[in-house]
Structures are given as structure tokens and as C-alpha cells.
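Spelled out, the chains give:
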Amino acid sequence: LRKLLDELESQMEGTEQEGTIKKMMVGKMLYATHCLDAPHVSRREEDFYDLELTVKGASSLEDSIKSMCATEKFDFKYQWEAEDGTKTEHEAERRTTMRNMPPILLCHPNRLSFDMQTLQPCTIPDRWSFPNEVDVSPYLETTSDREHRDESEGPTKANTTIVETNRDEEALERAQSEEWTRNN
């Protein structure tokens, strides 16, 4: 799918449709690492075309997004490098938030796991449901996350249409229903 979108973008270059794919399907993810015992924050921003969501341990799309955006406390000392080059170790945590959501959000449910006993990949057969629309406002960056945000970036979007990337004919029919469930 990514190759198709890249090809479409390149074909639209120089036309009035240039940038259409990006406007419709690209969001921004913000990764912030906060030192717990010092006032240091490290931020990294990244564009995304889809979200790869873990199915294992989640019963729905909302559960998977919540897990992806959960605050993770490091069980090791985080090394912070100051502007003068000195390095110090700190307790830290990382949080993932969404800065901007695209109007069309592609979600890829990751149903693969690795079985350590058989040393083989396996498919997770758990039921995983998702609605046609989802409120992602709890996972958007907060006021404290926005301290260094450029205000010209525009508003974040909270309601997004969900599309599952698969080749199943039944999936197209399920897209019309209230709830869409896919079992592999």
C-alpha cells in the first residue's frame, strides 16, 4: 500500500492535485521522553501513513491505541546529553501522542507473534473489534506536550474514518455496518 501511495504522490507532482495524498492520509506522531528527576524533555516527531496496532492483549481498536500511547517508564537510566556535552543519567518515561490526525486513518492490526517454544511465528486468533469512526482525542498531545509546538501547524483532528488494510471481500461489506470485527 505504501508503494502505491508513493507512486500516486509522484504522479501528482506538478499538478493541482499535488499534496492530496499527504493531506488525506498523513498524520504526525510525537514521541516525548521526560526525565523524572530533572527538567529535561526530548521530543521527536514523525509522519505516519498508518498505525500498526498490536492485537495481542487488546479486544478493540481503542484498546490497541490506548496501549500504543501508554506512558512507559524506563527500567534503566536514561542518558541525557547537555549542550556542553556532559552526560548525566536520569530516571525517565516515554509517552507517544498523536500531534495531527489525517482525515483517513489506515490501521494495520498486527496479529503476528513469535512462539518461543516452537521458534515459529504464529497468528493471534483473538477477537478484535473496531468501529467505523473513533474518537482519538484522549491520545492527542496535551497542553504540556504543546509547550514547544509551532502554533502555525493548525488544529488536531479527533474523529477519523477507519479502514482496515486487507483483501477480504467480506470486509468491504462490514465497513457499512455499525461495528466491524475481523478474525484471522
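Before reading further, recall that the structure is shown in the block above.
Since this is a predicted model, take the numbers as computed values, not measurements. (Residues numbered from 1 in each chain as written. Predicted model: local features only at pLDDT ≥ 70, side-chain atom pairs only at ≥ 80, totals over all residues. Heavy atoms only, no water.)

On to the overall build of the chain, then. Secondary structure summary: the chain contains four helices and 14 strands in total. Here the chain holds 184 residues, and the buried ones make up 33% of them. For the chain, the share of sequence-separated contacts (at least 6 apart) that also reach a separation of at least 24 residues comes to 65%. Within the structure as shown, the chain displays about 11,800 Å² of accessible surface, and the carbon and sulfur contribution to it stands at 48%. (Helix = DSSP H or I, 4+ residues; strand = E, 2+ residues; numbered from the N terminus. Buried < 20%, exposed > 50% of the residue type's maximum accessible area, 1.4 Å probe, protein only. Contact = heavy atoms within 4.5 Å. Areas by Shrake-Rupley, 256 points an atom, 1.4 Å probe, with all protein chains shown as cover.)

Below, the discussion takes up the nonpolar core. One finds Leu51, Leu53, Leu61, Ile65, Met98, Met101 and Trp128 to be the most contacted residues of the largest nonpolar core, which totals 20 residues. When contributions to this core are tallied by element, the ones reaching two or more residues are strand 3 (50-54), helix 3 (61-68) and strand 8 (104-110). Aside from chain neighbours lying at most four places away, what touches Leu53 is Leu61, Ser64, Ile65, Met68, Cys107, His108, Pro109, Asn110 and Trp128. Core analysis: the next-biggest nonpolar cluster, separate from the first, contains seven residues, Leu5, Met12, Met25 and Tyr49 among them. (Core = buried A, V, L, I, M, F, W, Y, C linked by side-chain atoms within 4.5 Å.)

What follows covers the pattern of salt bridges. Going through the model one piece at a time under the given rule, you end up with six salt bridges. Between Lys28 and Asp47 there is a salt bridge whose closest N-O contact spans 2.8 Å. Remark: Asp47 occurs in strand 2 (residues 41-48) and Lys28 occurs in strand 1 (residues 27-35); sequence separation between them is 19 residues. Ionic pairing is found between Glu46 and Arg44, a salt bridge with its closest N-O pair at 2.5 Å. Of the residues examined, Arg44 reaches a relative accessible area of 42% and is grouped as partly exposed. Through salt bridges with shared partners, a single ionic network connects Lys28, Glu45, Asp47, Arg99 and Glu141. (Salt bridge = Lys/Arg side-chain N within 4 Å of Asp/Glu carboxyl O.)

Listed in full, the buried residues belonging to helix 3 are Leu61, Ser64 and Ile65. Mapping the buried residues of helix 3 onto a view down its axis gives an arc of 95°, with all of them on the same face. Relative to its buried face, helix 3 has exposed residues pointing more than 90 degrees away, namely Lys66 and Ser67. (Arc of directions from axis to C-beta.)

Take Ser60: it is sitting in the loop between strand 3 and helix 3. We classify Ser60 as buried; its relative accessible area is 10%.

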